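Given next are the chains, with one letter for each unit.
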Amino acid sequence: MEGILFERIALIGIGLIGSSIARDIKEFGLAREVVVSTRREETLKRAEELKLGTSYTVSVADAVSDADLIIVSVPVGASEEVAKQIAPHLKVGAIVTDVGSTKASVIAQMAPHMPEHVHFIPGHPLAGTEKSGPDAGFSGLFRDRWCIFTPLPGTDAEALDRLKGFWLALGSRVDEMDPEHHDKVLAIVSHLPHIIAYNIVGTADDLSTVTESEVIKYSASGFRDFTRLAASDPTMWRDICLHNKDAILEMLARFSEDLAYLQRAIRWGEGDKLFELFSRTRDIRRSIVQAGQDVDAPDFGRHTLDQKK
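Residues numbered from 1 in each chain as written. Predicted model: local features only at pLDDT ≥ 70, side-chain atom pairs only at ≥ 80, totals over all residues. Heavy atoms only, no water.

Chemist: In this structure, what is going on with the confidence of the model for the chain? I would like to understand it.
Modeler: With 89% of its residues at a pLDDT of 70 or more, the chain shows a mean pLDDT of 89. Note that residues 298-303 has pLDDT below 50 and, in this model, 10 contacts with residues that lie over four places away or in other chains. In this model, residues 305-309 is a region of pLDDT below 50 whose contacts with residues beyond four sequence positions or in other chains number 8 contacts. (pLDDT = per-residue confidence, 0-100. Contact = heavy atoms within 4.5 Å.)

Chemist: I tried to follow the sheet that holds strand 2 (residues 31-37) on my own but got confused; where do I start?
Modeler: Working definition: the strands of a sheet are paired by backbone hydrogen bonds and lie parallel or antiparallel to each other. As summarised here, the arrangement of the 6 strands in space is 3-2-1-4-5-6, forming an open sheet in which the pairing is parallel. Taken across any chain shown, the strands that pair with only one partner, and hence form the sheet edges, are strand 3 (55-57) and strand 6 (119-120). Of the pairings in the sheet, the one linking strand 4 (residues 69-72) to strand 5 (residues 95-98) comprises 4 bridges and is parallel in character. Residue pairing in the sheet places Ile71 in a bridge with Thr97 of strand 5. Its contacts with the sheet put helix 2 (residues 41-49) on strand 2 and strand 3, and the angle it makes with strand 3 is roughly 175°. (Pairing = 2+ DSSP bridges. Helix = DSSP H or I, 4+ residues; strand = E, 2+ residues; numbered from the N terminus. Axes fitted to C-alpha atoms, helices over the stretch in contact; angles between N-to-C directions.)

Chemist: How should I be thinking about the layout of surface pockets in this particular structure?
Modeler: If you roll a probe as big as a water molecule over the atoms, it shows you where there is empty space left. When its volume is computed, the second largest pocket comes out at roughly 190 Å³. Along its surface, the second largest pocket is lined by Ala111, Met114, Pro115, Val118, His119, Phe120, Ile121, Leu152, Pro153, Gly154, Thr155 and Asp156. Residues that form the lining of the second largest pocket fall into these classes: 8 nonpolar, 3 polar and 1 charged. (1 Å grid on protein atoms, 1.4 Å probe; cavity = no way out; pocket = protein on both sides within 12 Å on 5 of 7 lines; lining within 4 Å. Points joined across faces, edges and corners; volume = space filled by probe spheres on them. Nonpolar A, V, L, I, M, F, W, Y, C, P; charged D, E, K, R; others polar.)

Chemist: Can you help me understand helix 2 in this one?
Modeler: An α-helical segment advances 3.6 residues per turn. Residues three or four places apart therefore align on the same side. Thr43, Leu44 and Ala47 are the residues of helix 2 that are buried. One side of helix 2 carries all its buried residues, which in axial view fall inside an arc of 100°. Exposed and oriented more than 90 degrees from the buried face of helix 2 are Glu41 and Lys45. The inward-facing, buried residues of helix 2 contact strand 2 and strand 3. Just downstream of helix 2, Lys51 is the residue with a positive phi angle, here 55°. (Buried < 20%, exposed > 50% of the residue type's maximum accessible area, 1.4 Å probe, protein only. Arc of directions from axis to C-beta.)

Chemist: Where do I start with the pairing of strand 9 (residues 173-176) in this structure?
Modeler: On a regular strand, one side chain projects to one face of the sheet and the next to the other, so that they alternate. By the bridge criterion, 4 bridges tie strand 8 (residues 146-149) to strand 9 in an arrangement that is parallel. Within strand 9, the position partnered with Trp146 by the bridge is Arg173. After leaving strand 8, the chain enters helix 6 (residues 157-169) and then returns to the sheet as strand 9, a path that is right-handed. (Right-handed = clockwise from strand over helix to strand, strands pointing away.)

Chemist: Would you mind showing me how to read the packing of aromatic side chains here?
Modeler: Here the distance between the centres and the angle between the planes together describe a pair of aromatic rings. Applying the stated criterion to the full structure yields 3 aromatic pairs. With a centroid separation of 6.2 Å and an interplanar angle of 70°, the aromatic rings of Phe6 and Phe166 are classed as edge-to-face. Remark: Phe166 occurs in helix 6 and Phe6 occurs in strand 1 (residues 6-12); sequence separation between them is 160 residues. Between Phe142 and Trp167 the ring centres are 5.2 Å apart and the planes differ by 90°, which places this aromatic pair in the edge-to-face class. Taken together, the residues span a long stretch of sequence, with Phe142 in the loop between strand 7 (123-125) and strand 8 and Trp167 in helix 6 at a distance of 25 residues. Take Phe142 and Trp167: they sit in the same class, and that class is buried. Every member of this aromatic cluster is reached through a ring pair, and the members are Phe6, Phe142, Phe166 and Trp167. (Phe/Tyr/Trp six-rings, centres within 6.5 Å; stacked < 30°, edge-to-face > 60°.)

Chemist: Where do I start with the environment of Ala47 in this structure?
Modeler: Note that Ala47 resides in helix 2. Assessed through its relative accessible area of 0%, Ala47 is described here as buried. Sequence separation between Ala47 and Val36 is 11 residues, and the spatial gap between their C-alpha atoms is 7.8 Å. Setting aside chain neighbours within four positions, we find Ala47 in contact with Ile14, Val36, Leu52 and Tyr56.

If you want it as structure tokens, here you go:
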């Protein structure tokens, strides 16, 4: 599906996701023009040094002017402000999408400001690493990963097909969900794991007499993987917690109940319950590998990311 899909694409935000999109657009020749816009001059300068676009500006108004596709890649808490800034400058028929990890909140922030003459189609590519910034991106990040759309009622079918075609060209699989359902699913598969990681690393740090010696020095694979998640962008994850609060709190409550069950089984030496749980969860891990969403390697496939960079 390589070839020109849009004449002019505006990328608002050029972190891990935005810069990876930019690299794929360039590699596959999906647009004639790619305008990169970010509020920080130093970030914009770095994006230009990396040749991520064809033009660069701190003005989102200039970026979206005459753009056929606008991709908003900012922390979800900044979505409304971006929507307000770009709305007066969007051309008729333009497609506006985002990559935020929460959808109900993004829709509530952006939809009221979108003019009737554009197509607002919220989206979320389920891909990423713990790195951030324009240098963190790489071509192939979205390959064989899901991109979920949460289209609003009355969304133009042709515009949705065009946007799906773009993500398919990046190598993604595409699907659709209701925004609230998306937020619950992501709360358990993404948001809760990150929160647990932040918490357990914080707990280790609180045990400062240990952390300063044995914990860091002898980190085994389990703790290393928690620290990888906990190295993710703090601004992004602060906003996710605040903007998917209800779903995250629901999943935390469920997790706490299951943790209490596990705690009792350990306390009372109930080996059969422990074995049943560990066997069931091992099967889930194997199904993830079989579904092509990871590889069965000791480093959880992260060596493949290094090879692609």
